[in-house]
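Per-entry structural report
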Amino acid sequence: MAQTVHSYLVFETDAGFCGIAWNAVGITRFQLPTKKAEETERLLLRRLVAGEPGTPTRDVADAVAAVRRYFSGEEVDFTDIKLDLEGQDPFFKRIYAAARRLGWGQTTTYGALAKELGVGPEAARDVGQAMAKNPVALIIPCHRVLAAGGKVGGFSAPGGSTSKIRMLELEGVHLGPPEPAQQSLF
């Protein structure tokens, strides 16, 4: 059986260089920004079985434009972007569909997402694993899924949790200690 060759593009945004890969069905991979185009390409190709630089289709070009707008601070909705998640675990696909419903500036927790899917709190780990393996981070907004208590939790993208915090801040979400209910006397 022949392997599907994915086309890909590395492009610059205000946050650095991103990468996107696609096939005839839709977008298959997305690489969050790094400081160097070569690093982004290396990370993107690590997750592709076969990839060649390509000229984006209209849909992919629209996705690239949306990503550029996102990293310039503009509110963007990625839900209409066509993805190809073939080969992903069926339960992970359900998790990804639920995460995709989180809009700009909305967050949830791993446990709450598990509950929304009708599974017990023990499935929060499965949600975390799905987010860590998300092939199209940002388009499936795994940065909007937090640990219990609204804590940042992990983030497997370049920059780790610092990148997650910056992405959330672009959306107006500020994580940190809550403001005290009363002013201190001192």
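Each remark here, short or long, concerns the structure printed above.
Residues numbered from 1 in each chain as written. Predicted model: local features only at pLDDT ≥ 70, side-chain atom pairs only at ≥ 80, totals over all residues. Heavy atoms only, no water.

What to know about the overall build of the chain
Of regular secondary structure, the chain possesses 6 helices and 6 strands. When its helices and strands are written in sequence order, the chain yields β-β-β-α-β-α-α-β-α-α-β-α. Taken over C-alpha atoms, the radius of gyration comes to 17 Å for the chain, in line with the 16 Å a tight globule of 186 residues would show. Structurally, the chain occupies a C-alpha span of about 65 × 35 × 25 Å along its principal axes. When each of the 186 residues of the chain is scored for burial, the buried share is 45%. Intrachain contacts of the chain at a sequence separation of at least 6 include 59% that bridge at least 24 residues. By element, 51% of the accessible surface of the chain is carried by carbon and sulfur atoms, the whole surface being about 10500 Å². With 21 positive and 21 negative side-chain charges, the chain shows a separation of 5 Å between the mean positions of the two kinds. (Helix = DSSP H or I, 4+ residues; strand = E, 2+ residues; numbered from the N terminus. Rg over C-alpha atoms; globule rule 2.2 N^0.38 Å. Buried < 20%, exposed > 50% of the residue type's maximum accessible area, 1.4 Å probe, protein only. Contact = heavy atoms within 4.5 Å. Areas by Shrake-Rupley, 256 points an atom, 1.4 Å probe, with all protein chains shown as cover. Lys, Arg positive; Asp, Glu negative; His and termini not counted. Charge placed at Lys NZ, Arg CZ, Asp CG, Glu CD.)

Some thoughts on the nonpolar core
Counting 47 residues, the largest nonpolar core has Ile27, Phe30 and Met131 as its most contacted members. Elements with a contribution of two residues or more to this core: strand E2 (16–22), strand E3 (27–34), helix H2 (58–71), helix H3 (90–100), helix H4 (110–116) and helix H5 (124–132). No other element matches the 7 residues that H2 contributes to this core. (Core = buried A, V, L, I, M, F, W, Y, C linked by side-chain atoms within 4.5 Å.)

Let's talk about the sheet that holds strand E1 (residues 6–13)
Pairing is mixed across the open sheet formed by 4 strands, whose spatial order is E3-E2-E1-E4. Looking along the sheet, the strands with just one partner apiece sit at the ends: E3 and strand E4 (51–53). Across this sheet, the average inter-strand angle for adjacent strands is 25°, counted without regard to direction. Judged from the 5 bridges that link them, E2 and E3 form a sheet pairing that is antiparallel. Residue pairing across strands places Trp22 opposite Ile27, the latter belonging to E3. (Pairing = 2+ DSSP bridges. Axes fitted to C-alpha atoms, helices over the stretch in contact; angles between N-to-C directions.)

Concerning the pattern of salt bridges
Enumeration according to the criterion identifies 3 salt bridges in this entry. One salt bridge in this structure joins Arg101 and Glu116, with 3.0 Å as the shortest N-O distance. Linking Arg101 in the loop between H3 and strand E5 (108–109) with Glu116 in helix H4, this pair joins segments that are 15 residues apart in sequence. Residue classification places Arg101 among the exposed residues on the basis of a relative accessible area of 54%. The class of Glu116 is partly exposed, set by a relative accessible area of 47%. Ionic pairing is found between Arg144 and Glu171, a salt bridge with its closest N-O pair at 2.8 Å. Note that Arg144 is positioned in the loop between H5 and strand E6 (145–146) and Glu171 in the segment after helix H6 (160–170), a separation of 27 residues in sequence. (Salt bridge = Lys/Arg side-chain N within 4 Å of Asp/Glu carboxyl O.)

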